[in-house]
Amino acid sequence: MRFLRELLQQNASTLLSLVVLAGLPLVGDSVLTWVLHTNSHWLQHPGAVHMLVYFAVVAVAMALSLTHTTLVTLITGFYFGWPGFGGLVLSYILAAMVGYLIASSLDHGKMLSFLHRFPKAEAVMEELRKQSWQLVLLTRISPVLPFAMITFILAVVKVPRQQFLAASVLGMLPRTLFFYWLGTKANDVFALLSDPDTGTAGKLLVIGLLAGSALGLYWLFNRALQRALKKS
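The rules we used
- Residues numbered from 1 in each chain as written.
- Predicted model: local features only at pLDDT ≥ 70, side-chain atom pairs only at ≥ 80, totals over all residues.
- Heavy atoms only, no water.
- Helix = DSSP H or I, 4+ residues; strand = E, 2+ residues; numbered from the N terminus.
- Buried < 20%, exposed > 50% of the residue type's maximum accessible area, 1.4 Å probe, protein only.
- Contact = heavy atoms within 4.5 Å.
- Areas by Shrake-Rupley, 256 points an atom, 1.4 Å probe, with all protein chains shown as cover.
- Expected span 1.5 Å × (residues − 1).
- Phe/Tyr/Trp six-rings, centres within 6.5 Å; stacked < 30°, edge-to-face > 60°.
- Core = buried A, V, L, I, M, F, W, Y, C linked by side-chain atoms within 4.5 Å.
- Axes fitted to C-alpha atoms, helices over the stretch in contact; angles between N-to-C directions.
- Parallel < 35°, antiparallel > 145°, perpendicular 65-115°, else oblique.
- Left-handed = near helix turned anticlockwise from the far one by under 90°.
- Salt bridge = Lys/Arg side-chain N within 4 Å of Asp/Glu carboxyl O.

## Focus: the overall build of the protein
At step 1: The secondary structure content of the protein amounts to 12 helices and 0 strands.
At step 2: Each helix and strand of the protein, ordered N terminal to C terminal, gives the series α-α-α-α-α-α-α-α-α-α-α-α.
At step 3: Every one of the 232 residues in the protein was classed for burial, and the buried ones make up 45%.
At step 4: Across the protein, contacts joining residues at least 24 apart in sequence account for 84% of those joining residues at least 6 apart.
At step 5: Working note: accessible area of the protein is about 12,200 Å², and carbon and sulfur atoms make up 70% of it.

## So, helix α12 (residues 199-231)
At step 1: An ideal rise of 1.5 Å per residue puts 48 Å on 33 residues; α12 measures up with 48 Å between its terminal C-alpha atoms.
At step 2: For α12, every residue scored as buried is listed here: Gly202, Leu209, Ser213, Gly216, Leu217, Leu220, Ala224 and Ala228.
At step 3: Of the surrounding elements, those touching the buried residues of α12 are α7 (119-130), α8 (132-141) and α10 (161-185).

## Let's talk about the packing of aromatic side chains
At step 1: One pass over the full model with this rule turns up 11 aromatic pairs.
At step 2: Both rings, one in Tyr54 and one in Phe55, keep their centres 5.2 Å apart while their planes meet at 70°; by these two values the pair is edge-to-face.
At step 3: Tyr54 gets classed as buried once you look at its relative accessible area, which sits at 12%.
At step 4: Residue classification places Phe55 among the buried positions, given a relative accessible area of 10%.
At step 5: Members of the aromatic cluster, each reached through a chain of ring pairs, are Tyr54, Phe55 and Phe80.

## Things to note about the nonpolar core
At step 1: Ranked by size, the top nonpolar core spans 53 residues in total, and within it Tyr54, Ile75 and Phe164 carry the most contacts.
At step 2: Sort the elements by how many residues they give to this core and α10 lands first, with 9 residues.
At step 3: What Ile75 contacts, discounting residues up to four positions off in sequence, is Leu32, Leu36, Leu43, Tyr54, Val189 and Leu193.

## Overview of the packing of α10 against α12
At step 1: For the pair α10 and α12, interaxial distance at closest approach is 11 Å and the crossing angle is 160°. On the basis of the axis angle, α10 is roughly antiparallel to α12. α10 and α12 meet at a crossing whose hand is left-handed. Packed against α10, whose contacting residues are Pro174, Arg175, Phe178 and Phe179, the element α12 presents Gly202, Leu205, Val206 and Leu209 at the interface.

## Structural notes on the pattern of salt bridges
At step 1: Taken as a whole and assessed by the stated rule, the structure comprises 2 salt bridges.
At step 2: Between Arg129 and Glu126 there is a salt bridge whose closest N-O contact spans 2.6 Å. Here Glu126 and Arg129 lie together in helix α7, a separation of 3 residues that amounts to about one turn.
At step 3: Glu126 gets classed as partly exposed once you look at its relative accessible area, which sits at 34%.
At step 4: Residues Glu127 and Lys130 are paired through a salt bridge, measuring 3.6 Å at the closest nitrogen-oxygen approach. Highlighted residues: Glu127 and Lys130, both in helix α7, separated by 3 residues, approximately one helical turn.

Take a look at the structure:
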């Protein structure tokens, strides 16, 4: 209880940011869908400049948790087809980098300074940082963990930036490829957004990614805890 009380008192701004990042996409998705409904002509037959502007805007939106990555993937696949897939990947990288930098500037190392007062918790975090690649990969393959919130958490615990970016892109590729393909096959974008019928294969993929992420993270945290206890 002492740990939780002091955590809330000394890291209020960081924890509030996490709550906001978790809830914002629910509002942002509705706004994005409405804007798309009233201005869908913006994305019809886009030129190079329009595509650059689009990918820059969605990168910022994903970084600030203004929309879910899956929604952006479906829309991009529908309007741009496979020629736009590289742009989407670059948008992911830009969004991850922007989110990482924002989180680092907001937290200022306060969370790690707080954990320094609790040696066991600090030891677990240190063990997890040694497994940064696996940690980032397992959080990114999950289709339910919010992109911006996870970026914030990983930045706060000081996961190395290069490993963070590389593992983020690799971890998101399986579900991104599937939902992008779904977007390219759709006949109506609004029907797709309201009910993205993934079929049996899609449901199995989502279940597999969820199970792999959950079991992998459990194994990773458990191993980190065991190693930290042995050292202490």
